[in-house]
Amino acid sequence: MQLLFTSGSPSDTVEIGRALGAALRPGDVVALYGDLGAGKTLFCKGVGEALGIPPDRILSPTFTIVTEHAGPVPLTHIDVYRLAVAREADEIGMRELLSGDGVCLVEWAEKIEELLPTDCIQVRFAFSGDDRREIAIAAPDLPGFGEFLARSIRFQRGG
Ligand code: ADP
Ligand code: MG
C-alpha cells in the first residue's frame, strides 16, 4: 500500500516525518529516496523528534555517513550519498547497522537497495514546486499505520 502526500513547506515535511516517527517500532528501517534538497534530512528531523531527539541534533550525515543517536528508541541515521558502490557499505558494516535494535533511517537508499530488508518502509520525495514536495510512503508491514494515517491526514492527496 502506498500513500501520497503533498508538503507545501519545510515544516509540513517535518510534521509528516513526526507522524511516521510516532508509528515506528524498534528494528524498523526507513529507506528515503530522492535528489539533493528533496527534503530527506528534514523528514528525518521529524522522525527523530517523535523519538525524543531534539531536531537540532539531526543533521545531514553526508560526510560522516552514519550518526547514532541514543534515546528511549536509539536512532541510526545513515546517508550513503558518498558511497561509491554497495561493496563499500558492506565494509562499514551496513548489514549490522540495518539490523540493529533501534530505528534506522537511510538517505539515498537507492544506492544500497540490495542490502535493505524487504519489509522496510519506503519514503520517496519528488519536487513539485519551489516549496512543494510530493512524498510517497509505502509501509508494507507497519502495525501503527492507522495511527500514522490519522496524524498525517491533512497532507494526504486525494484523501
Ligand atoms: P535532502 O536531505 O533530501 O538533501 P534537506 O532536507 O537537507 O534535503 O533539504 C531540503 C531543502 O529544501 C531545505 O533547504 C528546505 O528548506 C527546502 N524545502 C523547501 N520546501 C520544502 C518542503 N516542502 N519540504 C522539504 N524541504 C523543503
Ligand atoms: Mg540529506
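Structure's up top.
The model shown is predicted, which means the values in this text are computed figures rather than measured ones. Residue positions within a chain follow its written sequence, with the count starting from 1. The lettering of chains begins at A and the numbering of ligands begins at 1, in the order of writing. Confidence filtering applies because this is a predicted model: local features only for residues at pLDDT of at least 70, side-chain atom pairs given and counted only at 80 or more, and all residues used for totals across whole chains, interfaces and linings. Neither water nor hydrogens contribute to the side-chain values; these are computed over all heavy atoms in the structure.

1. Some details on the packing of helix α1 (residues 10–21) against helix α2 (residues 40–50)
Packed helices, taken two at a time, are described by the angle their axes make and the gap between the axes. Axis separation between α1 and α2 bottoms out at 6 Å; the angle between their running directions is 40°. Between α1 and α2, the angle is such that the two are oblique. As for the relative orientation of α1 and α2, their crossing is right-handed in sense. Here α1 contributes Pro-10, Thr-13, Val-14, Ile-16, Gly-17, Arg-18, Leu-20 and Gly-21 to the contact with α2, which in turn contributes Leu-42, Phe-43, Gly-46, Val-47, Glu-49 and Ala-50. Interaxial angles span 0 to 180 degrees and are taken between N-to-C directions of axes, which are lines fitted to C-alpha atoms, for helices over the stretch in contact. Each helix corresponds to a stretch of at least 4 residues labelled H or I by DSSP, and each strand to a stretch of at least 2 residues labelled E; elements are numbered beginning at the N terminus. Angles are sorted into four bins: roughly parallel if under 35 degrees, roughly antiparallel if over 145, roughly perpendicular if 65 to 115, and oblique for all others. By definition, any crossing whose near helix is turned counterclockwise from its far helix by less than a right angle is left-handed, and any crossing with a clockwise turn is right-handed. The contact criterion used is simple: two residues touch if any of their non-hydrogen atoms lie within 4.5 Å.

2. A word on the site of ligand 1
Neighbouring residues are identified by heavy atoms, a residue being near a molecule or strand if any of them is within 4 Å of it. Close contacts around ligand 1 come from 16 residues, with Thr-13, Gly-37, Lys-40, Thr-41 and Asp-131 the closest. Interatomic distance of 2.8 Å between a backbone N/O atom of Gly-37 and an oxygen atom of ligand 1. Here a polar contact is recorded for every N or O atom pair within 3.5 Å, except that within protein the pair must consist of a potential hydrogen donor and a potential acceptor, and residues adjacent in sequence are included only if both atoms are side-chain atoms. One of the backbone N or O atoms of Ala-38 is found 3.2 Å from an oxygen atom in ligand 1. Values of accessible area rely on a 1.4 Å probe in the Shrake-Rupley scheme; residue burial ignores everything except the protein chains shown. Contact with the protein chains hides 75% of the accessible area of ligand 1, taken as 570 Å² for the molecule alone. Within the residue set of the shell around ligand 1, elements represented by two or more residues are α1 and α2. Of the residues forming the shell around ligand 1, the biggest block, 3 residues, is contributed by α2.

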